[in-house]
Amino acid sequence: MELSDWELVKQCQAGETSAFQELVSRYHQKVFMVSLGLLRNREDALDVAQETFFRAYRKINSFQGDSSFYTWIYRIAVNISIDAQRRQKRNPLEFRESMDGVLESQNEVAKDPFTDAHDRELREHLTQAINELTPEHKAVIVLRTLEGMSYKDIGQILGCSEGTVMSRLHYARKKLQDKLSVFL
Amino acid sequence: MTNCESNRESIGSWLDGELSPGESESVRLHLAGCAACSEVRRQLESLNLALKNQLTANAAEIEFLPFWRGVQQRINQKRPWHEEFLERCRELFSAPRMAWSVPAVIALVLALASIDFYLPGWRLGGPRNNFATVDSIDAHGRSVALLRENESKTTVIWLYQDQEGENEAAEDATKSGPAF
């Protein structure tokens, strides 16, 4: 029978490293995806995801189960990602290359040339529009879109109220809609 | 705010299933009868789909073992003290934790400002004295004395010219000659 996250946490707190390894195996992909959504760069996202689990390991004894483990781990990941976004002034050329790789891989599955061109343009503008969002707005969009999280969980992760989450989502979407109105 | 405006603010939350049953019904009814808001709803759905496609586009699986080895390496690695220190500072002073400091600073400033009101006998740097003299405000021997009485809320400002100052002023007047 599979152990719950809380049971694994308690084993971790008792010094079982294998329990922590199991927790990492459960959440590494999700944490990586959230970091990637926020940072838009694979290497940075991988670095943030590993740093997230390292910090979680160091603080595991302070985790009392007030929130779920995944909320706790996402909170660490989002905080590190937002911090990284603020500190790093990414080289635009490097960023461009990383996004081109994504766009090329997407083009391989496109069939109709008209749809292909339209989708490509939409993706380019969407990438730009996402990157123009503030880290807080980007965080709510990523957590809601990628993970389908409830406003309550997003609020717990970002340390704000559900009303603030609702408001941030509304304004983030409005900004994106305004910039992409011709493509939608 | 018009009905359309208030409904448009709720369409996103309605699509997310985050509204109460009453609010959901209100948005649903409005959308059923409003073509403009239905268009906003369609755009939002397109946007959500485009966002999902975009954010999951590079969702390549990352292999667990190399990832875990990276985490283990960090756990076993002894970090330099300054990195540890910076990390702790960042955690301590990160935005959500700093939220307490704003009301704390306001409370501290208010406390300092009102200390004289609540503790009128208390004074930094020696006994309280309600009599002050300012010397020669215009450098021509004139002085100002200020007497303030807290209990009766009386303030007396006394302008005077001392003898030395008067003589100097007289000398100045002689030297400068008549004024035209």
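Not measured: the values here are computed from a predicted model.

## Remarks on the overall build of chain A
When helices and strands are tallied, chain A shows 9 helices and 0 strands. Moving toward the C terminus, one meets the helices and strands of chain A in the order α-α-α-α-α-α-α-α-α. Relative to its 184 residues, chain A shows a buried fraction of 36%. Here the analysis covers contacts within chain A between residues at least 6 apart in sequence; of these, 64% occur between residues at least 24 apart.

## Section: the interface of chain A and chain B
Taken together, the contacts link 39 residues of chain A with 31 residues of chain B. Breaking the side of chain A that touches chain B down by element, the ones donating at least two residues are α2 (17-39), α3 (42-59), α4 (69-87), α5 (92-107), α6 (113-131), α7 (135-147) and α9 (162-180) of chain A. Sorting elements by how many residues they give to the side of chain A that touches chain B places α2 of chain A first, with 9 residues. Residues of the side of chain A that touches chain B, tallied by class, amount to 20 nonpolar, 13 polar and 6 charged.

## Remarks on the environment of Ala 172 of chain A
Residue and element names in this part refer to chain A. Positionally, Ala 172 belongs in helix α9. Sequence spacing of Ala 172 and Lys 138 is 34 residues, and the spatial spacing of their C-alpha atoms is 7.4 Å. For Ala 172, the contacting residues outside a window of four places in its chain are Leu 133, His 137, Val 140 and Ile 141.

## A short note on unusual backbone geometry
Look at Arg 40 of chain A: it is not a glycine, yet its phi comes out positive at around 60°. A count of 22 C-beta atoms within 10 Å places Arg 40 of chain A in the buried class.

## Quick word on the packing of helix α1 (residues 3-15) of chain B against helix α3 (residues 35-57) of chain B
Residues and elements named next belong to chain B. At a closest axis distance of 10 Å, the pairing of α1 and α3 adopts a crossing angle of 30°. When the axis of α1 is compared with that of α3, the two are roughly parallel. Crossing of α1 over α3 shows right-handed handedness. Counting all contacts with α1, which are made through Cys 4, Asn 7, Arg 8, Ile 11, Gly 12 and Leu 15, the residues of α3 involved are Ala 36, Cys 37, Val 40, Arg 41, Leu 44 and Glu 45. Classifying every residue of the contact of α1 with α3 by side-chain character gives 7 nonpolar, 2 polar and 3 charged.

## Thoughts on the confidence of the model for chain A
All names here are of chain A. On average, chain A scores 86 in pLDDT, and the residues at 70 or more come to 87%. The model gives residues 91-97 a pLDDT under 50, and that stretch makes 2 contacts with residues more than four places away or in other chains. Low pLDDT, under 50, characterises residues 99-104; the stretch is placed with 6 contacts to residues that sit more than four places away or in other chains.

Analysis parameters
Residues numbered from 1 in each chain as written. Chains lettered and ligands numbered in written order. Predicted model: local features only at pLDDT ≥ 70, side-chain atom pairs only at ≥ 80, totals over all residues. Helix = DSSP H or I, 4+ residues; strand = E, 2+ residues; numbered from the N terminus. Buried ≥ 20, exposed ≤ 12 C-beta atoms within 10 Å, placed from the backbone. Contact = placed C-beta atoms within 7 Å. Nonpolar A, V, L, I, M, F, W, Y, C, P; charged D, E, K, R; others polar. Axes fitted to C-alpha atoms, helices over the stretch in contact; angles between N-to-C directions. Parallel < 35°, antiparallel > 145°, perpendicular 65-115°, else oblique. Left-handed = near helix turned anticlockwise from the far one by under 90°. pLDDT = per-residue confidence, 0-100.

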